[in-house]
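Secondary and tertiary structure notes
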Amino acid sequence: MISRYQYKELVWVDLESPTQEEVRHIMDEFDLPHLVGEELVSNTLRSKVDLYENLLYVILHFPHVTHGVSVEQEVDFVIGEHFLITARYETIDPLHDFSKIFETHSVMDKSKLPGHAGIIFMQMLKELYRHSLHELESITKTLQSIEREIYAGHEARMVRTIAATGKKLLDFKQAIRFHADILHSYEIASKQFFGTEYGYYASAITAEFNKVHSLLEGHRDMLSELQRTNDSLLTSKSNDIMKTFTVMTFVMLPLTLITGIFGMNADFVFIRGLQDFYFVIAAMAITAIIMFIFFRIRKWL
């Protein structure tokens with residue numbers, strides 16, 4: 001599907017899951033290189049920046065959390081002097097939102113902005129990174145919830161939640177792992193294509209990415225600390241349980257010994273009546289009390 005937006009001489013063409021026929025049409029209209037046309041048809045695993053005589057070709061992957069799972073969404077950007085072509089292979093909400101902004105001309109109706117497609121690309125990348133920040137902020141709420149649950153005594157319940165959140169953050173990091181290098185390469189190539197004055201706008205894109213990267217690393221550090229705290233509390237709770245069972249075993253040991261001795265079928269066993277039975281029970285109770293006092297003195301209880 002082809003969507004076209006225009007502002008004065010600037011044209012933005014958005015291709016969603018383009019067919020070969022649609023790509024050929026765009027190649028003929030904007031004089032795109034054959035290699036660019038081939039890559040627009042399908043997903044590409046690697047991000048990159050290519051500088052051609054009449055355009056810049058950029059491939060970036062952006063993280064998207066859907067149904068609790070983080071996935072990568074690829075966007076191809078073909079940036080000419082007065083045109084921008086985007087190719088995507090699924091619905092990408094930030095681009096849909098950007099199309100509404102572009103239709104109102106609010107992107108370009110700002111004073112002192114150069115009138116070329118590099119400005120549209122800058123504003124589009126800012127919108128994509130803002131969307132990534134919004135998704136990371138939703139994970140912030142999850143981290144706060146994990147912290148509350150941990151200190152409320154629900155450590156065991158949080159083990160799976162921490163693991164799932166860690167997987168989201170790892171997938172998020174994997175999606176943007178090449179962005180720093182790609183944006184650095186783009187900054188160099190764009191200065192050659194649009195002129196050195198464009199360096200300010202290229203660095204503005206990098207600044208937006210740095211916000212996302214810093215928040216992501218902060219979340220990973222916080223989750224790591226929460227995981228260590230959760231593991232420590234679980235270990236401490238397990239140790240307390242094991243200590244309790246150990247103490248109970250030591251208390252029951254002499255009682256078991258007494259009942260075993262007096263339960264023997266031998267002549268020296270003196271339990272002949274109810275009074276003797278009460279005597280044995282009292283001896284067992286006194287032994288248990290002595291053991292309890294001993295454990296308390298040693299601070300094992």
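Since this is a predicted model, take the numbers as computed values, not measurements.

Looking only at helices and strands, one finds 8 helices and 6 strands in the protein. Shown N-terminal to C-terminal, the secondary structure of the protein runs as helices and strands in the order β-β-α-α-β-β-β-β-α-α-α-α-α-α. Considering the protein as a whole, with its 301 residues, one finds that 42% of them fall into the buried category. Here the analysis covers contacts within the protein between residues at least 6 apart in sequence; of these, 61% occur between residues at least 24 apart. Surface summary for the protein: the accessible area is close to 17000 Å², and the carbon and sulfur share equals 58%.

All right, on to the pattern of salt bridges then. Applying the stated criterion to the full structure yields 10 salt bridges. Note that Glu 187 is salt-bridged to Lys 191, the shortest N-O span being 4.0 Å. Within this pair, Glu 187 and its partner Lys 191 are both found in helix 6 (residues 179-194), separated by 4 residues, close to a single helical turn. For Glu 225, the salt bridge identified is with Arg 228, shortest N-O distance 2.1 Å. Highlighted residues: Glu 225 and Arg 228, both in helix 7 (residues 199-262), separated by 3 residues, approximately one helical turn. Given the relative accessible area of 43%, Glu 225 is considered partly exposed. Look at Arg 228 and you get partly exposed, because its relative accessible area is 45%. Where salt bridges share partners, they join Asp 14, Glu 16 and Arg 88 into one cluster.

Before going further, it helps to examine unusual backbone geometry. Although it is not a glycine, Ser 17 sits at a positive phi angle of roughly 45°. Its place among the elements puts Ser 17 in the loop between strand 2 (10-16) and helix 1 (20-30). The partly exposed category is assigned to Ser 17, whose relative accessible area is 39%.

To continue, consider the packing of aromatic side chains. Inspection of every chain in the model, using the stated rule, returns 10 aromatic pairs. On the basis of an interplanar angle of 70° and a centroid distance of 5.4 Å, the ring pair of Trp 12 and Phe 98 is categorised as edge-to-face. Of this pair, Trp 12 sits in strand 2 while Phe 98 sits in helix 3 (residues 93-103), and the two are 86 residues apart along the sequence. Residue classification places Trp 12 among the buried positions, given a relative accessible area of 0%. Measuring from ring centre to ring centre gives 4.9 Å for Phe 194 and Tyr 198, while their planes differ by 45°; the resulting arrangement is tilted. For Phe 194, a relative accessible area of 8% puts it in the buried group. What makes Tyr 198 buried here is its relative accessible area of 1%. Put simply, the rings of Phe 77, Phe 121, Tyr 186, Phe 193, Phe 194, Tyr 198, Tyr 200 and Tyr 201 pair up and form one aromatic cluster.

Another aspect to go through is the nonpolar core. Counting residues in hydrophobic clusters, the biggest one holds 53 residues, and the most contacted among them are Phe 77, Ile 79, Tyr 186 and Tyr 198. Top element by residues in this core is helix 4 (residues 117-151). It accounts for 15 residues. Contact partners of Ile 79, with chain neighbours within four places excluded, come to Leu 55, Leu 56, Val 58, Leu 84, Ala 117, Gly 118, Phe 121, Tyr 186, Phe 193 and Phe 194. The next biggest cluster of nonpolar side chains, apart from the first, holds 18 residues, and it includes Met 27, Leu 40, Leu 55 and Ile 85.

Right, let's talk about the packing of helix 4 against helix 6 for a bit. It is at 12 Å that the axes of helix 4 and helix 6 come closest, and there the two elements cross at 165°. When the axis of helix 4 is compared with that of helix 6, the two are roughly antiparallel. Helix 6 is crossed by helix 4, and the crossing has left-handed handedness. Residues Gly 118, Phe 121 and Tyr 129 of helix 4 form the contact with helix 6, whose participating residues are His 179, Leu 183, Tyr 186 and Phe 194. Residue composition of the contact of helix 4 with helix 6, grouped by class: 5 nonpolar, 2 polar and no charged.

Averaged over the protein, the pLDDT score is 79; the fraction of residues at 70 or greater is 82%. Mean pLDDT across the secondary structure elements of the protein bottoms out at helix 8 (residues 274-297), with 74, and peaks at helix 6, with 88.

The next thing to look at is the pairing of strand 1 (residues 2-7). Residues Ser 3, Tyr 5 and Tyr 7 point to one face of strand 1 and are all buried, whereas Ile 2, Arg 4 and Gln 6, pointing to the other face, are not buried. Across 6 bridges, strand 1 lies against strand 2 in antiparallel orientation. Opposite Tyr 7, over in strand 2, you have Leu 10 as the bridge partner.

Taken across its 6 residues, strand 6 (residues 83-88) has 6 buried, putting it largely inside the fold. Residues Phe 83, Ile 85 and Ala 87 point to one face of strand 6 and Leu 84, Thr 86 and Arg 88 to the other, with burial holding for every one of them. The pairing of strand 2 with strand 6 spans 6 bridges and is classified as parallel. The residue bridging Val 11 from the neighbouring strand is Phe 83, located in strand 6.

What counts and how
- Residues numbered from 1 in each chain as written.
- Predicted model: local features only at pLDDT ≥ 70, side-chain atom pairs only at ≥ 80, totals over all residues.
- Heavy atoms only, no water.
- Helix = DSSP H or I, 4+ residues; strand = E, 2+ residues; numbered from the N terminus.
- Buried < 20%, exposed > 50% of the residue type's maximum accessible area, 1.4 Å probe, protein only.
- Contact = heavy atoms within 4.5 Å.
- Areas by Shrake-Rupley, 256 points an atom, 1.4 Å probe, with all protein chains shown as cover.
- Salt bridge = Lys/Arg side-chain N within 4 Å of Asp/Glu carboxyl O.
- Phe/Tyr/Trp six-rings, centres within 6.5 Å; stacked < 30°, edge-to-face > 60°.
- Core = buried A, V, L, I, M, F, W, Y, C linked by side-chain atoms within 4.5 Å.
- Axes fitted to C-alpha atoms, helices over the stretch in contact; angles between N-to-C directions.
- Parallel < 35°, antiparallel > 145°, perpendicular 65-115°, else oblique.
- Left-handed = near helix turned anticlockwise from the far one by under 90°.
- Nonpolar A, V, L, I, M, F, W, Y, C, P; charged D, E, K, R; others polar.
- pLDDT = per-residue confidence, 0-100.
- Pairing = 2+ DSSP bridges.

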